[in-house]
Amino acid sequence: MAEHRTYLELSEDSATAHKFYEVVRSGTRVTITFGRIGTSGQRKVSDFATEARAEAAAAKKIAEKTRKGYAPAVRGVRQARPISRRTMVSTRSTARQAPVLWRLATGAAAFGIFVDQERCWVGNQNGDVYTVTTDGTVTGRYLLPNGVKCLVADDFWIYAGCDDGRVYDLSGKVPRVAYEISADVDIYWLDIDDAILGVSDRNGRVTAVDHEDEYQWSRDVDGDSAWMMRCDAESNTIYHGHSRGVACYSAADGKPIWQTEVGGNVLFGWQESRSVYAATGNNDVYRLAKKNGEVEAAYRCDAAVFACATSPDGRHVFAGDNHSSIYCFDEDGTRLWKLGTGHGSAYSMQFLDDRVYIVTTDGSLVCIDASETAIHAAQQGSVPKPVDVKVAASLPAAEPAAVLETTSQPGDAVILECYQDGSRLRVRVISEGYEQDWNVQFPKEIRHPGTRYAVEGVRTSGRGGFYRAYGEIRRLL
């Protein structure tokens, strides 16, 4: 059977667009592959009743792309663009040493951190992700294909946003691709709440992606280098910080709600129930009201602020500057203390149970005792000897896989089924007790029409009538 192939590329030297689009028609089947140049991209297959209809559909897709600036090219001539790295100079702090309890050296600059009552997650520029108990024992390791930009949680799902433009779900035994960001989006940061993903990028743009990894909306802004992204499902809003300030958008349609200039480029963001916090390059952390963007307080540091966090409800505000110092402020802006990390500048941080956890420019995950007693002792020059956490050589590294284990005995697992819905492959629950017309958020790379899956659990998300699969996924024989 004759195969008709059209390969197109769109690459702009002065912008982030660097992507390909290939249409292959073989008989009544049309296969479209698209993504970043230098990657395998995403693949969609559509079957038509006749060859004439398939030919017309292929021609329509090609015409749409050429109108947008795509042009015929030869695959492999253009190479993948280098990935943006957060390169900032970090110097040694002159403040007294903070009371570090333990430290894990990950081997590369680390951006991603998430901490809960059970464990800490850290991801670095090499794609390594480690799980560590709060007392400093390494319990797990994941190896992702590219550098980890950030780690975020949504209920009990844990996601890693990576330099390859993919967002991996780390909630199961094997990492799986949960979202694939548009090929022209160079991720700087992301956040997720109730399965709605918000992405900020190098050009300052903000993008929202829905629970089925289908594009929702995108908005260009008068700024660039957008490091701050916070999603709030309760108010259905997204908070976005870039070189010109902070803005609030409706998560549903991207409609602007407010915008506030904060006097400096925003390098990181945090949120509590009523306020958002913007760490800036002009040495301040700003607290802004979620309802209208009004500046409620400013927390003055001695150097550019890479990261910030708060204790619950903003009772205390923490900041990390590019001189390897961390700060603690009272809610009203009063500085309570400043101490040195001893392990580089904090790219990201989180507070939990009188401890501040930071990930740093030298690739460390550091646990700092922020209790009043420990801080007072540190200010007098007395600190504990930190534990140097080691990773066992025998610890296996879980890597992404598109191959599923199989089972013929699902037991108490929930049964899902993949089906063709027009040009899309969707997944639904067929076990009793679930809404049969609700779709399931499910990894695209393991969707095959007509296949059934056994999953150890499915949970209602409460948004828009869909479920999310989690835990161990097996192909049902």
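The paragraphs below set out a description of the structure included in this document. (Residues numbered from 1 in each chain as written. Predicted model: local features only at pLDDT ≥ 70, side-chain atom pairs only at ≥ 80, totals over all residues. Heavy atoms only, no water.)

1. Section: the packing of aromatic side chains
To be explicit about the condition: The pairing test for Phe, Tyr and Trp rings, Trp by its six-membered ring, is centres within 6.5 Å, and the orientation test on the planes gives stacked under 30 degrees, edge-to-face over 60, and tilted for anything in between. Put simply, DSSP H or I for four residues or longer makes a helix, DSSP E for two residues or longer makes a strand, and each gets a number counted from the N terminus. Note on exposure labels: buried denotes an accessible area under 20% of the residue type's maximum, exposed denotes more than 50%, and partly exposed covers the range between, all computed with a 1.4 Å probe on protein chains only. Criterion for a charge above a ring: Arg CZ or Lys NZ at most 6 Å from the ring centre, at most 35 degrees from the ring normal.
By the definition in use, this model includes 19 aromatic pairs. Here the aromatic rings of Y7 and F20 are separated by 6.0 Å at their centres, their planes lie at 25°, and the arrangement is stacked. On the criterion of sequence distance, the pair formed by Y7 in strand β1 (residues 3-11) and F20 in strand β2 (residues 18-26) is long-range, its members being 13 residues apart. The exposure classification of Y7 matches that of F20, with both residues buried. Three or more aromatic residues joined by ring pairs form one cluster here, namely Y21, F34 and Y70. Above the face of the Y419 ring, R428 is positioned so that its terminal group lies 3.9 Å from the ring centre.

2. Quick word on the environment of D155
Position of D155 among the secondary structure elements: in the loop between β11 (148-154) and β12 (157-162). On a C-alpha basis, the gap between D155 and D193 in space is 8.1 Å, while along the polypeptide they are 38 residues apart.

3. Some remarks on the sheet that holds β11
Condition: Think of it this way: DSSP has to see at least two bridges between two strands before they count as a pair. In this analysis, axes come from line fits to C-alpha atoms, helices being fitted only over the stretch in contact, and the angle between any two N-to-C directions falls in the range 0 to 180 degrees.
Strand order across the open sheet formed by four strands is β11-β12-β13-β14, with antiparallel pairing between neighbours. The open sheet has two edge strands with one neighbour each: β11 and β14 (176-180). Strand-to-strand twist across the sheet, computed as the mean angle between neighbouring axes with direction ignored, equals 30°. Relative to β14, strand β13 (residues 166-169) runs antiparallel, the two sharing four bridges. Opposite R166, over in β14, you have E180 as the bridge partner.

4. Some words on the nonpolar core
One broad rule of soluble globular proteins: the nonpolar side chains tend to lie buried together. Heads up, the condition is: We define the nonpolar core as a collection of buried residues of types Ala, Val, Leu, Ile, Met, Phe, Trp, Tyr and Cys that are connected through side-chain atoms lying within 4.5 Å of one another. Only heavy atoms matter for contacts: two residues are in contact if any of them lie within 4.5 Å across the pair.
With 67 residues, the main nonpolar core has Y179, L197 and V285 as its most contacted residues. Ignoring sequence-local partners within four residues, the contact set of V285 consists of Y277, A278, A279, A297, A298, Y299, V305, C308, V317 and A319. If you look at the next biggest cluster of nonpolar residues, it comprises 17 residues, including W102, L104, V122 and Y130.

5. Notes on the environment of A98
Within the secondary structure, A98 is located in the loop between β5 (71-72) and β6 (100-105). Residue A98 is classed as buried on the basis of its relative accessible area of 1%. Separated by 25 residues in sequence, A98 and G123 place their C-alpha atoms 23 Å apart. For A98, the contacting residues outside a window of four places in its chain are I326, L339, G340, I368 and V383.

6. Concerning empty space enclosed by the protein
Put simply, the test is: With a 1 Å grid spanning the protein atoms alone, the term cavity applies to any set of points in which a 1.4 Å probe fits but cannot get out, the term pocket to an open set with protein on both sides within 12 Å along at least five of seven lines, and the term lining residue to any residue with an atom within 4 Å of a point. Grid points are joined across faces, edges and corners, and a volume is the space filled by probe spheres set on the points.
For the structure on display, the rule yields one cavity of 30 Å³ or more. Size it by volume and the largest cavity reaches roughly 40 Å³. If you go around the largest cavity, you meet ten residues; those closest to its centre are D193, I196, C231, A233 and A251. Going through the elements one at a time, β19 (228-232) and β20 (237-242) are the ones with two or more residues in the lining of the largest cavity.

7. Notes on the sheet that holds strand β30 (residues 335-340)
Spatially, β27-β28-β29-β30 is the arrangement adopted by the four strands of the open sheet, whose pairing is antiparallel. Only two strands of the sheet have a single partner each, and these edge strands are β27 (305-310) and β30. Strand-to-strand, the axes of this sheet are offset by a mean angle of 20°, without reference to chain direction. Across five bridges, β27 lies against strand β28 (residues 316-321) in antiparallel orientation. Looking across to β28, one finds that V305 is bridged to D321.

8. A few points about helix α1 (residues 51-67)
Basically, it comes down to this: Each helix should span, by expectation, one fewer than its residue count multiplied by 1.5 Å. Along the arc lie the directions from the helix axis toward the C-beta atoms.
Look at α1: 24 Å from first C-alpha to last across 17 residues, which is about the 24 Å you get at 1.5 Å a residue. Residues of α1 that are buried include every one of A54, A58 and K65, and no others. All buried residues of α1 project into a common sector of 30° when viewed along the axis, lining one side. Opposite the buried face of α1, by more than 90 degrees, sit the exposed residues A52, R53, K60 and R67. Elements in contact with the buried residues of α1: β1, β2 and β3 (29-36).

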